[in-house]
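One letter stands for each residue in the lines below.
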Amino acid sequence: MSTADVTSSTNDQKYEIAHLKLVPKRHIGRMIAAAIVLLILAAIVRAFSVGQIEWSYVRDFLFAPAILDGLKSTLIMTVAAMGLGIVLGVVIAIMRVSGNPVLSSIAIGYVWIFRGAPALLQLMIWFNLALIFPTMGIPGLFEFRTVDIMTPFVAAMLGLGISQGAYTSEVVRSGLLSVDSGQYEAARAIGMTQFKMLRRIVLPQAMRVMVPPIGNEVIGMVKLTSLASVIQYSEILHNAQIIYFANTRVLELLLVACFWYLVVVTLLSIGQYYIERYFGRGSKSITASM
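Residue numbering note: each chain is counted from 1, following its sequence as written. With the structure being a predicted model, the display of local features is reserved for residues of pLDDT at least 70 and the display and counting of side-chain atom pairs for 80 or more, all residues being used for whole-chain, interface and lining totals. Calculated side-chain values reflect all of the structure's heavy atoms, with hydrogen atoms and water omitted.

J.: How do you make sense of the overall build of the protein when you look at a structure like this?
T.: Of the regular secondary structure elements, the protein holds 13 helices and two strands. Relative to its 290 residues, the protein shows a buried fraction of 30%. Any two residues having at least one pair of non-hydrogen atoms within 4.5 Å are treated as being in contact. Across the protein, the fraction of contacts at a sequence separation of at least 24, relative to all contacts at a separation of at least 6, is 75%. Using a 1.4 Å probe, the Shrake-Rupley method yields the accessible areas, and only the shown protein chains count as cover for residues. Accessible area of the protein: about 18,600 Å², with a carbon and sulfur share of 68%. Each helix corresponds to a stretch of at least 4 residues labelled H or I by DSSP, and each strand to a stretch of at least 2 residues labelled E; elements are numbered beginning at the N terminus. Residue exposure (1.4 Å probe, protein chains only): buried if accessible area is under 20% of the type maximum, exposed if over 50%, otherwise partly exposed.

Next comes the structure, spelled out in structure tokens:
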């Protein structure tokens, strides 16, 4: 073997990496941050364990009839207010994207007013509507006292539902705008009416965009119903307050209410996941083929 071959072999061995040991990168900052978070969580758990909390009260009132009745009222209000909000949101969104300047202006004004005013303020206005309109009905035919009509349930449903409609309309509008304009033109070309085009072509495609934010709005509505306790609607927080006013176990009853809110939100999150999968089917394959 010549000197040149020996030199070349030596250089090859010099740059050979097969014998090197692969050492993973140490994320020192990540480990320190994780340790700090664990210490904070441990401190919170210890504070709850040694704090002045009678956990027996939490256990005893977890399935108390008053708490379960409040939970049922919370779910009913969530469905009613969210149903009203979705219906109003769809109507207002269609008005907003229509070519009619009057309808578009009304939709813009609706969103501006009800998205700008706090939800609690709207609840209080609806509950005290009798101060503005003492009676409601058609004069000479039938009239009812507004204070009898505007019960806590009706006031809460209108306040939360109409307010929600302003937010939902923007979600629906974004979904409508996400559909390619060619879909609208193709539907008109085959003679579809506006309603049929929305029902058969536009809304099914827009649902992929609309479902995630509307799911978040539903979860938000569950928690927003707690505002109705201010106008004496018997939802779960209101009933928990009545109990702790009597037995002075404030934190225990608040933990009970918190537990049920977490249960409902968890179930809704699971439902949202499967709904998103249903409306998003085929989107991954489309994305992968691009």
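Next comes the rest of the account.
J.: Can you help me understand a nonpolar patch on the surface in this one?
T.: The grouping of Ile-28, Met-31, Ile-32, Ile-36, Val-37, Leu-38, Ile-40, Leu-41, Ile-44, Phe-48 and Trp-55 at the surface amounts to a nonpolar patch, some 1,100 Å² of accessible area in total. Here the nonpolar patch takes 10 residues from helix 2 (residues 28–50), the largest share from any one element. Assignment of secondary structure puts Ile-36 in helix 2. You can call Ile-36 partly exposed: its relative accessible area is 45%. Put simply, a patch holds well-exposed residues, over 30% relative accessible area, that have no salt bridge, with like charges counted together within 9 Å and Val, Leu, Ile, Met, Phe, Trp or Tyr side chains within 5 Å. Basic side-chain nitrogens of Lys or Arg form a salt bridge, by our definition, when they fall within 4 Å of a carboxyl oxygen of Asp or Glu.

J.: I'm lost on the environment of Val-264 in this one. Help?
T.: Position of Val-264 relative to the elements: it lies in helix 12 (residues 250–279). The class of Val-264 is buried, set by a relative accessible area of 12%. Once residues within four sequence positions are removed from consideration, Val-264 is found in contact with Leu-71, Leu-75 and Val-222.

J.: Got a minute to help me understand the pairing of strand 1 (residues 135–138) in this structure?
T.: Note on strand geometry: in a regular strand, side chains alternate between the two faces of the sheet. In short, DSSP must find at least two bridges between two strands for them to pair. Relative to strand 2 (residues 142–145), strand 1 runs antiparallel, the two being bridged by four bridges. The residue bridging Met-136 from the neighbouring strand is Phe-144, located in strand 2. Following strand 1, the chain reverses through three residues before pairing antiparallel with strand 2; Gly-140 in that reversal takes a positive phi of roughly 90 degrees.

J.: Can you help me understand unusual backbone geometry in this one?
T.: With the exception of glycine, the majority of residues adopt a negative phi angle, and the majority of peptide bonds are in the trans configuration. Backbone geometry places Gln-232, a non-glycine residue, at a positive phi of 70 degrees. Positive phi, close to 60 degrees, is recorded for Thr-248, a residue that is not glycine. Positionally, Thr-248 belongs in the loop between helix 11 (236–247) and helix 12.

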